[in-house]
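Per-entry structural report
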Amino acid sequence: MTLDWQENMNRHIILTRPAGKNASLQSLLAAAGYQVTELPAIERFPLSLRAGELPNLAAYHLVFFVSGYAVQVFFEMLAQHHRSWPAGLYAGAVGMATANVLQKLGVSASRIIHPAPNAENQDSEAFFDELLKIGLDKFNRVLVVRGQSGRQWLAEQLRAAKVQVDFLPVYERKPRVWTPSESKAMISLLQSSKPISWLLTSKESVDSIFDELKRYQLVQYCLRHHFLVTHPRIGARIQAHLKGGTFQENLPEKRVVINICQPSDESIFEMLTTS
């Protein structure tokens with residue numbers, strides 16, 4: 001059941017997705033009466049690639065993208081070097097949000113492989129299940145477009161099936177340190193009695209946020225907060241940080257409320273306004 005207007009006005013939501021990804025959701029939440037803080041946990045920077053460093057896409061049967069941002073950066077590189085996406089090439093997407101970006105940039109929906117919209121998780125495992133339905137024999141050589149580092153699970157599964165896998169890093173991610181004004185505001189907010197919900201969408205974001213919470217000795221205040229994540233692994237990372245923080249501060253352990261939802265703005269908004 002949705003909280004009433006007065007309860008919404010007292011609830012504070014912290015959005016930690018990278019800068020540029022929060023505007024639409026923030027507007028929806030503000031219109032619903034919530035107080036919202038944008039606090040990006042990660043900074044992302046496109047890498048520079050010379051024309052000769054771009055792979056020959058015709059040599060691959062599938063190009064897999066780990067995120068919508070990876071898609072955007074890659075297609076900007078193609079445009080910069082006057083290259084185009086081959087019409088018959090399959091694109092793989094870690095989830096529906098990434099698939100939507102591919103389609104917006106001109107990749108035919110019939111050539112995009114992605115987890116079903118109602119899949120329990122939007123991740124490499126769900127994508128691999130879809131790939132198996134089509135048949136791995138169609139994809140002898142795969143290019144993975146990602147950041148400078150990332151999970152190896154999909155590549156390991158493909159290589160075990162004798163598929164050649166190459167990586168193309170197109171961006172780097174760095175933890176973001178709070179500015180002096182942000183740290184002052186967060187200390188004031190977390191030390192207040194307001195109900196707080198956090199949106200965290202990657203394990204790296206969790207690590208970055210908790211580094212800052214530990215820096216300002218704020219972890220103990222999070223034991224009464226609500227967390228919304230987009231994958232069980234992210235929730236487990238939060239629990240690990242909280243467990244370590246309570247042990248270090250000699251505080252009683254408490255299992256906080258962590259909800260899981262799909263990574264779309266619609267799903268996040270629904271969960272934040274009903275949980």
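See the structure shown above.
Presented here is an overview of the structure given in this document.

Cut-offs used in this document
- Residues numbered from 1 in each chain as written.
- Predicted model: local features only at pLDDT ≥ 70, side-chain atom pairs only at ≥ 80, totals over all residues.
- Heavy atoms only, no water.
- Helix = DSSP H or I, 4+ residues; strand = E, 2+ residues; numbered from the N terminus.
- Rg over C-alpha atoms; globule rule 2.2 N^0.38 Å.
- Buried < 20%, exposed > 50% of the residue type's maximum accessible area, 1.4 Å probe, protein only.
- Contact = heavy atoms within 4.5 Å.
- Areas by Shrake-Rupley, 256 points an atom, 1.4 Å probe, with all protein chains shown as cover.
- Salt bridge = Lys/Arg side-chain N within 4 Å of Asp/Glu carboxyl O.
- Pairing = 2+ DSSP bridges.
- Axes fitted to C-alpha atoms, helices over the stretch in contact; angles between N-to-C directions.
- Expected span 1.5 Å × (residues − 1).
- Parallel < 35°, antiparallel > 145°, perpendicular 65-115°, else oblique.
- Left-handed = near helix turned anticlockwise from the far one by under 90°.
- Nonpolar A, V, L, I, M, F, W, Y, C, P; charged D, E, K, R; others polar.
- Phe/Tyr/Trp six-rings, centres within 6.5 Å; stacked < 30°, edge-to-face > 60°.

This brings us to the overall build of the protein chain. The helix and strand tally for the protein chain stands at ten helices and eleven strands. For a compact globule of 275 residues, the expected C-alpha radius of gyration is about 19 Å, and the protein chain comes in at 20 Å, within 12% of that figure. Its C-alpha atoms put the protein chain at 60 × 35 × 35 Å along the principal axes. Counting across all 275 residues of the protein chain, residues that qualify as buried make up 47%. Residue pairs at least 24 apart in sequence account for 69% of intrachain contacts in the protein chain once pairs closer than 6 positions are excluded. Surface summary for the protein chain: the accessible area is close to 13700 Å², and the carbon and sulfur share equals 51%.

Looking now at the pattern of salt bridges. Within this structure, the stated rule accounts for nine salt bridges. Asp265 is paired through a salt bridge with Arg17; the nearest N and O atoms lie 3.0 Å apart. Residue Asp265 is located in helix α10 (residues 265-274), and its partner Arg17 is located in the loop between β1 (12-15) and α2 (23-31); the two are separated by 248 residues in the primary sequence. For Arg17, a relative accessible area of 4% gives the class buried. Between Glu212 and Arg215 there is a salt bridge; the shortest N-O distance is 2.7 Å. Of the two residues, Glu212 and Arg215 are both situated in helix α8 (residues 203-215); the distance of three residues between them amounts to about one turn of the helix. Judged by its relative accessible area of 2%, Glu212 falls in the buried class. In this structure Arg215 comes out as partly exposed when scored by relative accessible area, which is 49%. The structure contains a network of salt bridges with shared partners spanning Glu125, Arg151 and Arg233.

Taken in spatial order, the five strands line up as β2-β1-β9-β10-β11 in an open sheet, and their pairing is parallel. Strands with a single pairing partner mark the edges of an open sheet, and in this sheet they are β2 (35-38) and β11 (257-260). The mean angle between the axes of side-by-side strands here comes to 20°, regardless of whether they run parallel or antiparallel. As defined by bridge partners, strand β9 (residues 196-200) adjoins strand β10 (residues 226-229) across four bridges and the pair is classed as parallel. Paired with Leu200 across the bridge in β10 is Val229.

For the rest of this paragraph, the subject is the sheet that holds strand β3 (residues 42-46). Spatial strand order, β3-β8-β7-β4-β5-β6: six strands in an open sheet with mixed pairing. Single-partner strands in this sheet number two, and they are β3 and β6 (112-113). In the packing of helix α3 (residues 68-80) onto the sheet, the strands contacted are β3, β4 (62-65), β7 (141-147) and β8 (164-175), and the crossing angle to β8 comes to about 105°. Along the sheet face, helix α6 (residues 153-160) touches β4, β7 and β8 and points at about 175° away from the line of β8.

Another aspect to go through is α8. Compared with the 18 Å implied by 1.5 Å per residue over 13 residues, the 18 Å span of α8 between its first and last C-alpha is a close match. For α8, the full list of buried residues reads Ser205, Val206, Ser208, Ile209, Phe210, Glu212 and Leu213. Of the residues trailing α8, Gln217 is marked for its positive phi of about 55°.

Here the focus is the packing of α3 against helix α4 (residues 96-104). Contact geometry for α3 and α4: axes closest at 8 Å, N-to-C directions at 25°. With respect to each other, α3 and α4 are oriented roughly parallel. The crossing of α3 and α4 is right-handed. Note on element contacts: α4 touches α3 through Thr98, Val101 and Leu102, opposite Gly68, Val71, Gln72 and Phe75. Residues that form the contact of α3 with α4 fall into these classes: four nonpolar, three polar and no charged.

Attention shifts here to the packing of aromatic side chains. Applying the stated criterion across every chain yields a total of eleven aromatic pairs. Between Phe65 and Phe74 the ring centres are 5.5 Å apart and the planes differ by 65°, which places this aromatic pair in the edge-to-face class. Owing to a relative accessible area of 0%, Phe65 belongs among the buried residues under this scheme. Take Phe74: its relative accessible area is 1%, and that puts it in the buried class. On the numbers, 6.4 Å between centres and 15° between planes, the contact of Trp198 with Phe227 is stacked. Of the two residues, Trp198 is situated in strand β9 and Phe227 in strand β10; the sequence distance between them amounts to 29 residues. Pair check on accessibility: Trp198 and Phe227 agree, each one buried.

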